Amino acid sequence: DVCSSDLAKEFYQEILTEYPDTDNIETVQKELEDLSLEMIFSNVIIPGKSVVHDVVRGDTLSKIAKKYGTTIELIKKKNNLRNNTIRIGQKLCIWTEAFSILIDKSQNMLILKDNNEVVKVYKVSTGENNSTPIGIFKIITKLVDPVWFNRGVVLAPESPQNVLGSRWLGFDTPGYGISGTIDSKSIGKQVTAGCIRMRNEDIEEIYSMVPVGTEVSIVD
């Protein structure tokens, strides 16, 4: 129910704002994040954030995703679609709110935002010796099980030496982006060659939501 979810979100946000030092603040934060994701992934229409799309002749999930600035994965998840097949007259719940990403190098933290509202906070790894660049970037490539090109050596996705994990979100600055990892113990540290590294389950979650063109801000 949208109304009850909105009220719950307001309640948790009020606790975070008014009582930031409460003992169970991490639990409250997680509850708020879970509610935010539940609303994003549900097939309930949220005014200002989602719409109903009536499928017409010639529609594909790719075309619909591009029209609304969302992803095929998110459309499928919101509408419980098992494959890419849609039919004329079908009503689809589509998320329309734009996502953005903020990366705080000093905290090794990635914040997923929905119209400047925090959706979820993730622990990440950043560049060794402050090598992750600061600035505003855009995601221009999305890859599943990426190949790693490392100093002239091509490492296949299944290679145990391929450090990129299960997903890659490439920036408009060549060589930089957000990846998964084969070493979850490195999360929270400054250990990479400059890219942002996340747990595979975390980047898979973000990958399903953010389309090509999503803005990424990196700060010290």
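Remember, it's a predicted structure, so these values are computed and weren't measured experimentally.

In this section: the overall build of the chain. The helix and strand tally for the chain stands at 5 helices and 14 strands. Going through the 220 residues of the chain one by one, you find that 45% of them count as buried. For the chain, the proportion of contacts with a sequence separation of at least 24, taken over those separated by at least 6, is 59%. Counting every atom, the chain has about 12,000 Å² of accessible surface; 51% of that belongs to carbon and sulfur.

A few words now on the packing of aromatic side chains. Across all of its chains, the model carries 2 aromatic pairs by this definition. A centroid spacing of 6.1 Å and a plane angle of 15° characterise the contact between Trp95 and Phe99, whose relative ring orientation is stacked. A centroid spacing of 5.5 Å and a plane angle of 15° characterise the contact between Phe137 and Phe171, whose relative ring orientation is stacked. Placement of Phe137 in strand S7 (residues 135-144) and of Phe171 in strand S10 (residues 167-171) is noted, with a sequence separation of 34 residues between them. For the pair Phe137 and Phe171, a shared accessibility class is recorded, and that class is buried. Here the basic side chain of Lys77 rests over the ring of Phe41, its NZ or CZ set 4.1 Å away from the ring centre.

What follows deals with the pattern of salt bridges. Tallying each qualifying case throughout the model produces 6 salt bridges. With a closest N to O distance of 3.3 Å, Asp220 and Lys105 form a salt bridge. Of the two residues, Asp220 is situated in the segment after strand S14 (215-219) and Lys105 in the loop between strand S3 (99-104) and strand S4 (109-114); the sequence distance between them amounts to 115 residues. Residue class for Asp220 comes out exposed when judged on its relative accessible area of 53%. Residue class for Lys105 comes out buried when judged on its relative accessible area of 3%. Ionic contacts of the salt-bridge type, sharing partners, join the residues Lys49, Glu97 and Asp114 into one network.

Among all positions of helix H5 (residues 200-207), only Asp202, Ile203, Ile206 and Tyr207 are buried. Summarising the axial view, the buried residues of H5 lie within an arc of 135°, below the 170-degree limit, and thus occupy one face.

A surface patch of nonpolar side chains, about 300 Å² in accessible area, is lined by Val147, Phe149 and Val154. Of note, Phe149 is situated in strand S8 (residues 148-150). Relative accessible area serves as the criterion here: at 62%, Phe149 is assigned to the exposed category.

Another point: the nonpolar core. Core analysis: the biggest nonpolar cluster contains 29 residues, and Phe99, Ile101, Leu110, Leu112, Ile178 and Ile206 have the highest contact counts within it. Of all the secondary-structure elements, those providing two or more residues to this core are helix H2 (25-41), S3, S4, strand S5 (117-123), S7, S10, H5 and S14. Here the element with the most residues in this core is H2; it accounts for 4 residues. Sequence-distant contacts of Phe99, defined by excluding residues within four places in its chain, comprise Ile40, Leu74, Leu112, Lys113, Asp114, Val119, Met209, Val210 and Thr214. The next biggest cluster of nonpolar side chains, apart from the first, holds 10 residues, and it includes Tyr68, Ile75, Leu81 and Leu92.

Reading the values: the criteria
- Residues numbered from 1 in each chain as written.
- Predicted model: local features only at pLDDT ≥ 70, side-chain atom pairs only at ≥ 80, totals over all residues.
- Heavy atoms only, no water.
- Helix = DSSP H or I, 4+ residues; strand = E, 2+ residues; numbered from the N terminus.
- Buried < 20%, exposed > 50% of the residue type's maximum accessible area, 1.4 Å probe, protein only.
- Contact = heavy atoms within 4.5 Å.
- Areas by Shrake-Rupley, 256 points an atom, 1.4 Å probe, with all protein chains shown as cover.
- Phe/Tyr/Trp six-rings, centres within 6.5 Å; stacked < 30°, edge-to-face > 60°.
- Lys NZ or Arg CZ within 6 Å of the ring centre and 35° of its normal.
- Salt bridge = Lys/Arg side-chain N within 4 Å of Asp/Glu carboxyl O.
- Arc of directions from axis to C-beta.
- Patch = residues over 30% accessible without salt bridge, like charges linked within 9 Å, V, L, I, M, F, W, Y side chains within 5 Å.
- Core = buried A, V, L, I, M, F, W, Y, C linked by side-chain atoms within 4.5 Å.

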